[in-house]
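Now for the letters of each chain:
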Amino acid sequence: MSNPMQRILIVGPCGAGKSTLAIQLGQRTGLPVHHMDRLHWKPGWVESSREELREKLTAIVAGNRWIIDGNYSSSFDLRLPRADTIVWLDYPPRLYRWRVLKRHIVGRFRQRTDITEGCVEKFDPEFMRYVWRFHRDRRPELVKVMNALPAEMALHHFRRPRESKAWLNAVAAM
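The structure contained in this document is the topic of the report that follows. All values derive from a computational prediction rather than experimental measurement. (Residues numbered from 1 in each chain as written. Predicted model: local features only at pLDDT ≥ 70, side-chain atom pairs only at ≥ 80, totals over all residues. Heavy atoms only, no water.)

## Notes on the overall build of the protein chain
Stage number 1. The number of helices and strands found in the protein chain is seven helices and seven strands.
Stage number 2. In terms of overall size, the protein chain behaves like a compact globule, its C-alpha atoms giving a radius of gyration of 16 Å where 174 residues would be expected to give roughly 16 Å.
Stage number 3. Looking at the 174 residues of the protein chain, the share that counts as buried comes to 44%.
Stage number 4. The long-range share in the protein chain, meaning contacts at least 24 apart out of those at least 6 apart in sequence, stands at 72%.
Stage number 5. As presented, the protein chain carries roughly 9600 Å² of accessible surface, and 54% of it is formed by carbon and sulfur atoms.
Stage number 6. Across the protein chain, 30 positive and 18 negative side-chain charges occur, with their mean positions spaced 7 Å apart. (Helix = DSSP H or I, 4+ residues; strand = E, 2+ residues; numbered from the N terminus. Rg over C-alpha atoms; globule rule 2.2 N^0.38 Å. Buried < 20%, exposed > 50% of the residue type's maximum accessible area, 1.4 Å probe, protein only. Contact = heavy atoms within 4.5 Å. Areas by Shrake-Rupley, 256 points an atom, 1.4 Å probe, with all protein chains shown as cover. Lys, Arg positive; Asp, Glu negative; His and termini not counted. Charge placed at Lys NZ, Arg CZ, Asp CG, Glu CD.)

## Things to note about empty space enclosed by the protein
Stage number 1. In this structure the tally under the stated criterion is one cavity of 30 Å³ or more.
Stage number 2. Of the volumes computed, that of the largest cavity is approximately 30 Å³.
Stage number 3. Considering the residues around the largest cavity, the lining is formed by Arg-50, Leu-53, Arg-54, Ser-74 and Ser-75.
Stage number 4. When the residues that make up the lining of the largest cavity are grouped by side-chain class, the tally is one nonpolar, two polar and two charged. (1 Å grid on protein atoms, 1.4 Å probe; cavity = no way out; pocket = protein on both sides within 12 Å on 5 of 7 lines; lining within 4 Å. Points joined across faces, edges and corners; volume = space filled by probe spheres on them. Nonpolar A, V, L, I, M, F, W, Y, C, P; charged D, E, K, R; others polar.)

## Brief notes about helix H5 (residues 93–106)
Because an α-helix packs 3.6 residues into every turn, residues spaced three or four apart end up facing the same way.
Stage number 1. Here H5 spans 20 Å end to end across 14 residues, near enough to the 20 Å set by a 1.5 Å rise per residue.
Stage number 2. Turning to H5, its buried residues are Pro-93, Tyr-96, Val-100 and His-104. For H5, the arc enclosing every buried residue in end-on projection is 85°, short of the 170-degree limit, so these residues lie on one face. Residues Arg-94, Trp-98 and Ile-105 are exposed on H5 and point more than 90 degrees away from its buried face. (Expected span 1.5 Å × (residues − 1). Arc of directions from axis to C-beta.)

## Here's the deal with unusual backbone geometry
Stage number 1. Unlike most non-glycine residues, Trp-45 shows phi in positive territory, near 60°.
Stage number 2. Its relative accessible area of 26% is what places Trp-45 among the partly exposed residues.
Stage number 3. You will see that Tyr-72, though not glycine, has its phi angle at about 40°, which is positive.
Stage number 4. Locating Tyr-72 in the fold gives a position in the loop between strand S5 (66–69) and helix H4 (76–79).

## Quick look at the packing of aromatic side chains
Stage number 1. Inspection of every chain in the model, using the stated rule, returns four aromatic pairs.
Stage number 2. A centroid spacing of 5.9 Å and a plane angle of 70° characterise the contact between Tyr-130 and Phe-134, whose relative ring orientation is edge-to-face. Here Phe-134 and Tyr-130 lie together in helix H6 (residues 125–147), a separation of four residues that amounts to about one turn.
Stage number 3. Looking at Phe-134, the relative accessible area reads 4%, which means it is buried.
Stage number 4. Seen from their ring centres, Phe-158 and Trp-167 are 5.6 Å apart, and the 45° between their planes marks the pair as tilted.
Stage number 5. Here Phe-158 falls in the buried class, since its relative accessible area comes to 8%. (Phe/Tyr/Trp six-rings, centres within 6.5 Å; stacked < 30°, edge-to-face > 60°.)

## Here we look at helix H1 (residues 18–29)
Stage number 1. For H1, spanning 12 residues, the distance from its first C-alpha to its last is 16 Å, which sits close to the expected 16 Å at 1.5 Å a residue.
Stage number 2. Buried within H1 are the following residues: Lys-18, Ser-19, Leu-21, Ala-22, Leu-25, Gly-26 and Thr-29. Angularly, the buried residues of H1 cover 155° about the axis, an arc narrow enough to put them on a single face.
Stage number 3. One or two steps after H1, the chain reaches Gly-30, where phi turns positive at roughly 80°.

## What about the side chain of His-104?
Stage number 1. Note that His-104 resides in helix H5.
Stage number 2. Ignoring anything within four residues of it in the chain, the contact list for His-104 reads Glu-121, Lys-122 and Phe-123.

## Quick look at the side chain of Ser-164
Stage number 1. Here Ser-164 is to be found in helix H7 (residues 161–173).
Stage number 2. For Ser-164, the side chain forms a polar contact with the main-chain oxygen of Pro-161, separated by 3.0 Å.
Stage number 3. When near neighbours in sequence (up to four residues on either side) are disregarded, Ser-164 contacts Leu-89, Tyr-91 and Phe-158. (Polar contact = N/O pair within 3.5 Å; in protein donor to acceptor, adjacent residues only side chain to side chain.)

What follows is the structure in structure tokens.
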């Protein structure tokens, strides 16, 4: 039986584990994995222009097989129409906030695999404000987007890590 999931978006707050899930899902399905942070950031935490990011994404989503993790809602118009599956990690703020703090402390000055080389983990007050306010400021937008998805699109909405882990294990068994 072939896997019906061929074009997957993984969304959710920072620290939810989107990149980790994308990598694990890619290993199980053989789908190529693309991290929005890697596409967006240039070495030294220099941002790509909107046009540069959209050009990269246009090429990726034109393909028939991919996993893309990351929100970057300004590019949903490119990604959502081509996706066949959405994975929404909708975890409690205390969990993802803790994970971001832990990632900062444990990974300080280290290079992450889901981000462009030359972007080492560092403390960024603006980023921490974004993380702390995500549930209040950004989650409502995600709720609207998820509620407006076409009925034929598969949506996997997980509120706890154990739910996404069970789903991933079921995908591995396919």
